[in-house]
Amino acid sequence: MGQNKRMLKKTSILTWLLLPLILTSCATEKTSSDTENNSTTSITVYSGRNEKFIKPFFDEFEKNTGIKISARYGDSAELAAQILEEGVNSPADVFLSQDAGAIGAIAANDLLSILNSSSTSVVLDKFKDPNSYWVGITGRARVLAYNPILVDETSVPKSIDELTNPKWKSKIGIAPTNSSFQSFVSAMLQVRGEAATLTWLEELVANDPQVFEKNGQIVEAIDAKVIEVGLVNHYYVYEISKSKGRNIDVVNGYFEAGDVGNLLNVSALGILKTSQNIDPSYQLLDFLLSKESQANFVEQSFEYSLISTVNPPIGMPKLDELQIPNVDLANLYDLKKTQDLLISSGLL
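Residues numbered from 1 in each chain as written. Predicted model: local features only at pLDDT ≥ 70, side-chain atom pairs only at ≥ 80, totals over all residues. Heavy atoms only, no water.

Here we take up the side chain of Ser-301. Tracing the backbone shows Ser-301 in helix 11 (residues 291-301). Looking at Ser-301, its side chain comes within polar contact range of the main-chain oxygen of Phe-297, at 2.6 Å. The contacts of Ser-301, once residues within four sequence positions are left out, are Phe-53, Tyr-235 and Glu-239. (Helix = DSSP H or I, 4+ residues; strand = E, 2+ residues; numbered from the N terminus. Polar contact = N/O pair within 3.5 Å; in protein donor to acceptor, adjacent residues only side chain to side chain. Contact = heavy atoms within 4.5 Å.)

Next comes the structure, spelled out in structure tokens:
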């Protein structure tokens, strides 16, 4: 889809009318009424983040604010399709997407409101929509995971183009049906164009990569010496090491500066233009971007915080050390073209 210039509609400002309070001796009745009003405030969140992971954050938000969250969980792409189908009748107030591509599709269809800079300014511009329709919450870096017993550090590929070398034939793990791999291919399309991207995919197929359903399976196969390297998100090495209770034989490798293989995708949040619960929706956004929540994200998921005051765990490179490519995350939503290329190359 071409970039369309969208007319930014000014949203009407809600004016809160302060009614005079009649002071009576019924102070207890006033407190009870206020509590009841707070407890009935609720927002509907369509969440592409896994329920097991994100629900404790929602529970903490409810506890802190008294605002209830009615959550619908699912795959981000499927939830995006649901919102597109519902259109202006969507009951969702907030869309929390696992990746920029899914929420980009909602933004491209003019269904999101423009976010206030007072809430989003803590996040670097490269990790939010240029028109302020969504903002990144956490970051996930693409890496080339490898087994250091089988692969010497000096021979780890420095570019995705090296993966098509016969040296790596049958030794590479990929997950072509996974959204993170497809976002990587979408980024390549943006950087290199359709012809070059298809050529790379076809050359990769010719090198007989081992196909998996999930990133975690790739990391486990590297640890088991079934394969030597794999294209995954950075945090799986840490998650699987934690789950196994040991340091697995897998290390994250990084490509040279600017290589599209260093893509950093984001989980992201947008507020629906049709929401009638703008203020509580912003409270959720501010909560998720708070230093405390961001530190919890990092500790629990090993994902990158997108605010400068929260560092990654020890052993992980800092965000500004990743040398990520110049990719517009807002334009990763055209998955049809990506999937067409994956089908043409034989990966789907």
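Contact pair helix 6 (residues 179-192) / helix 12 (residues 335-345): the axes reach a minimum separation of 9 Å and the direction vectors enclose 100 degrees. Between helix 6 and helix 12, the angle is such that the two are roughly perpendicular. Across the interface between the two elements, Phe-181, Gln-182, Val-185, Ser-186 and Leu-189 of helix 6 pack against Leu-335, Lys-337, Thr-338, Gln-339, Leu-341 and Leu-342 of helix 12. Looking at side-chain class alone, the contact of helix 6 with helix 12 contains six nonpolar, four polar and one charged residues. (Axes fitted to C-alpha atoms, helices over the stretch in contact; angles between N-to-C directions. Parallel < 35°, antiparallel > 145°, perpendicular 65-115°, else oblique. Nonpolar A, V, L, I, M, F, W, Y, C, P; charged D, E, K, R; others polar.)

It is worth spelling out the nonpolar core at this point. In terms of nonpolar packing, the biggest core is built from 99 residues, with Phe-95, Trp-134, Ile-137, Phe-184, Leu-231, Val-266 and Leu-284 touching the most fellow members. If one sorts the elements of this core by residue count, strand 4 (residues 135-146) sits on top with seven residues. Not counting the four nearest positions on each side in its chain, Ile-137 is found in contact with Leu-96, Ser-267, Ala-268, Leu-269, Leu-285, Leu-288, Leu-289, Gln-294, Phe-297 and Leu-306. (Core = buried A, V, L, I, M, F, W, Y, C linked by side-chain atoms within 4.5 Å. Buried < 20%, exposed > 50% of the residue type's maximum accessible area, 1.4 Å probe, protein only.)

Our focus in this paragraph is the pairing of strand 4. Across a regular strand the side chains alternate sides, sitting on one face of the sheet and then on the other. Burial analysis of strand 4 places 12 of its 12 residues in the buried class, the great majority of the element. Of the strand pairs in this sheet, strand 4 and strand 9 (residues 264-271) are connected by six bridges, and their pairing is antiparallel. For Val-135, the partnering residue across the bridge sits in strand 9 and is Leu-269. Sheet topology note: the strand 4/strand 10 (residues 304-305) ladder contains two bridges and is antiparallel. Note that in strand 10 the partner of Gly-139 across the bridge is Tyr-304. Note that strand 4 and strand 8 (residues 251-253) share three bridges and pair antiparallel. Pairing of Tyr-146 across the sheet is with Val-251, part of strand 8. (Pairing = 2+ DSSP bridges.)

Any functional reading would require information beyond the geometric quantities listed.
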